[in-house]
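One letter stands for each residue in the lines below.
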Amino acid sequence: MIVDKVLIATKNKGKIREFKKLFEDFDIKVLTLEDMPESIEVEEDRQTFLENALKKAKEYADFYKIPVITEDAGLEVYALNGYPGIYSARFYSIDFGGKEEVRENETKDNANIRKLLRLLKDKTNRKARFVSNIVFYIPEKYGVWTEGYLYGKIAEVPKGDKGFGYDPIFIPEGYSKTLGEFDIEEKNKISHRAKATYQLKKILNKLLKND
Ligand code: IMP
């Protein structure tokens with residue numbers, strides 16, 4: 001089967017940048033929601049990363065009628081029973097641990113980070129992992145999914161402005177700097193998203209050739 005284009009259905013600019021680089025060597029035209037004339041809102045209201053990614057894949061693919069890739073990702077902190085987890089993007093606003101204001105001139109990412117550091121203040125266990133669940137779905141045909149993890153710990157203070165989200169406070173295992181201090185090429189060698197994308201590319205290489 002010939003799949004010559006795929007829509008990476010996300011509006012997150014950090015993710016778009018990383019995905020575009022990750023698919024650079026792959027013979028498929030990569031579109032993002034920024035390339036689409038109309039947009040739809042899909043609520044991420046499921047209980048797991050995979051269910052959210054599946055829901056988004058189905059709704060976007062049915063709407064645009066082209067193959068889509070969706071991702072649901074987040075940060076799981078061991079001492080917080082896996083929170084922020086599926087709430088990673090809007091952790092600042094949920095009741096767990098008390099709500100945090102988004103102050104003037106700051107982003108939601110900043111408020112998320114402030115809340116997380118507040119909750120970890122007296123905790124010695126700062127272990128955490130990033131999770132990525134990716135779904136590739138061809139409307140009315142089939143879908144496949146992959147996952148990737150990046151293990152590490154939460155820093156005491158934010159450092160670096162090269163990434164997005166929780167990158168400035170995440171120190172990957174085996175390193176002494178935060179992901180916020182990684183160049184995109186360097187992050188794309190080790191990240192949860194890179195691992196899940198690598199698995200997906202392996203599957204797609206087989207599937208699309210043998211179909
Ligand atoms: P999603 O768009 O619902 O998948 O939300 C993902 C949220 O998890 C983002 O808004 C970030 O807060 C966080 N996140 C996911 N992947 C990363 C990453 O690679 N670095 C930093 N934060 C991430």
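Our subject is the structure listed above.
Residues numbered from 1 in each chain as written. Predicted model: local features only at pLDDT ≥ 70, side-chain atom pairs only at ≥ 80, totals over all residues. Heavy atoms only, no water.

Section: the sheet that holds strand β4 (residues 127-137)
As a general point, the strands of a sheet are linked pairwise by backbone hydrogen bonds and lie either parallel or antiparallel.
Consideration 1: Within the open sheet, the 6 strands sit side by side as β2-β1-β3-β4-β5-β6. Their pairing is mixed. One side of each edge strand has no neighbouring strand; the edge strands of this open sheet are β2 (29-32) and β6 (170-172). With direction set aside, neighbouring strand axes in the sheet form an average angle of 35°.
Consideration 2: Where strand β1 (residues 5-8) lies against β2, 4 bridges are found, and the strand directions are parallel. Among the inter-strand pairings, Leu 7 is bridged to a residue of β2, identified as Leu 31. (Pairing = 2+ DSSP bridges. Helix = DSSP H or I, 4+ residues; strand = E, 2+ residues; numbered from the N terminus. Axes fitted to C-alpha atoms, helices over the stretch in contact; angles between N-to-C directions.)

What about the side chain of Thr 32?
Consideration 1: Along the polypeptide, Thr 32 turns up in strand β2.
Consideration 2: If near-sequence neighbours (up to four positions away) are discounted, Thr 32 is found in contact with Leu 7, Ile 8, Ile 16 and Lys 20. (Contact = heavy atoms within 4.5 Å.)

Considering the site of the ligand
Consideration 1: The environment of the ligand is formed by 16 residues, the closest being Lys 15, Glu 44, Asp 167, Lys 187 and Arg 193.
Consideration 2: Within the contact set of the ligand, an oxygen atom lies 2.7 Å away from a side-chain nitrogen or oxygen of Lys 15.
Consideration 3: In this structure, Asp 167 approaches the ligand through a side-chain N or O atom, which is 2.6 Å from a nitrogen atom.
Consideration 4: If the ligand stood free it would expose 490 Å²; the protein chains cover 93% of that surface.
Consideration 5: Counting only elements with at least two residues in the shell around the ligand, the list comes to β3 (68-77) and α5 (192-210).
Consideration 6: Tallied by class, residues from the shell around the ligand come to 5 nonpolar, 5 polar and 6 charged. (Near = heavy atom within 4 Å. Polar contact = N/O pair within 3.5 Å; in protein donor to acceptor, adjacent residues only side chain to side chain. Areas by Shrake-Rupley, 256 points an atom, 1.4 Å probe, with all protein chains shown as cover. Nonpolar A, V, L, I, M, F, W, Y, C, P; charged D, E, K, R; others polar.)

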